[in-house]
Amino acid sequence: GNALCDRVLLDEGVLPLESVTVHSLPIDIVPLDSDVLSMERPEVLRRVTVDGLPSDSITAVARSLVTLQDCGGPVRRIQALGPMAEAVLARTMAMRVEDHAAEQDHHQDQG
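Bear in mind the structure is a predicted one, so any value in this text is a computation, not a measurement.

Participant: Can you walk me through helix H4 (residues 83-110) in this structure?
Facilitator: Side chains three or four residues apart in an α-helix point the same way, a direct result of the helix having 3.6 residues per turn. Under the 1.5 Å per step criterion, the end-to-end length of H4 is 41 Å for 28 residues, consistent within 8% with the ideal 40 Å. All of the buried residues in H4 are Val88, Thr92 and Met95. On its buried face, H4 sits against helix H3 (55-72).

The following block contains the structure:
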């Protein structure tokens, strides 16, 4: 938690500095290599095998991809291989459309 982060920052000489503010950043995706990201959710594969395509897992992956694009910009080419990837891609695109519609509604309410 925060105590561990504070300890590492102290050990590295970053803290205590008045100009440093520490914030939490929930990270759903962990980079494993320059072109490989992982959500480190081993239970998803079992649930897909046993339950079919679990919508909560698809939504979680899609939300992480939307967040990643919000931080780093839109991905120009998205490729989905297999039924789960196709379901994630469809949900990701639907979320982008929903988010865009919500932004438009918000701007209309203000104007």
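Participant: What's the story with the packing of H3 against H4 in this structure? I'm lost.
Facilitator: Helix packing geometry: the angle between the two helix axes and the distance between the axes. Look at H3 against H4: their axes get within 8 Å of each other, and the N-to-C directions meet at 55°. By the angle between their axes, H3 is oblique relative to H4. Two packed elements cross with a definite hand, and for H3 against H4 that hand is right-handed. In contact with Ser57, Ile58, Thr59, Val61, Ala62, Arg63, Leu65, Val66, Gln69 and Asp70 of H3, H4 contributes Met84, Ala87, Val88, Arg91, Thr92, Met95, Arg96 and Asp99. A class-by-class count of the residues in the contact of H3 with H4 yields nine nonpolar, four polar and five charged.

Participant: Help me out: how do you make sense of the side chain of Ser64 in this one?
Facilitator: Inspection of the secondary structure assignment puts Ser64 in helix H3. In this structure Ser64 comes out as buried when scored by relative accessible area, which is 3%. In this view, Ser64 contacts Asp28, Ile29 and Met39; residues no more than four positions away in its chain are not counted.

Participant: Would you take a moment to explain the pairing of strand S1 (residues 30-33) for this structure?
Facilitator: Successive residues of a regular strand alternate their side chains across the two faces of the sheet. Relative to strand S2 (residues 36-38), S1 runs antiparallel, the two sharing three bridges. Bridged to Asp33 within S2 is Val36.

Participant: I keep staring at the environment of Met39 and nothing clicks. Help me out?
Facilitator: On the secondary structure map, Met39 appears in the loop between S2 and helix H2 (43-51). Along the backbone, Met39 and Ala101 are 62 residues apart, and their C-alpha atoms lie at a distance of 28 Å. When near neighbours in sequence (up to four residues on either side) are disregarded, Met39 contacts Asp28, Ile29, Ala60, Val61 and Ser64.

Quick notes on the rules
- Residues numbered from 1 in each chain as written.
- Predicted model: local features only at pLDDT ≥ 70, side-chain atom pairs only at ≥ 80, totals over all residues.
- Heavy atoms only, no water.
- Helix = DSSP H or I, 4+ residues; strand = E, 2+ residues; numbered from the N terminus.
- Expected span 1.5 Å × (residues − 1).
- Buried < 20%, exposed > 50% of the residue type's maximum accessible area, 1.4 Å probe, protein only.
- Contact = heavy atoms within 4.5 Å.
- Axes fitted to C-alpha atoms, helices over the stretch in contact; angles between N-to-C directions.
- Parallel < 35°, antiparallel > 145°, perpendicular 65-115°, else oblique.
- Left-handed = near helix turned anticlockwise from the far one by under 90°.
- Nonpolar A, V, L, I, M, F, W, Y, C, P; charged D, E, K, R; others polar.
- Pairing = 2+ DSSP bridges.

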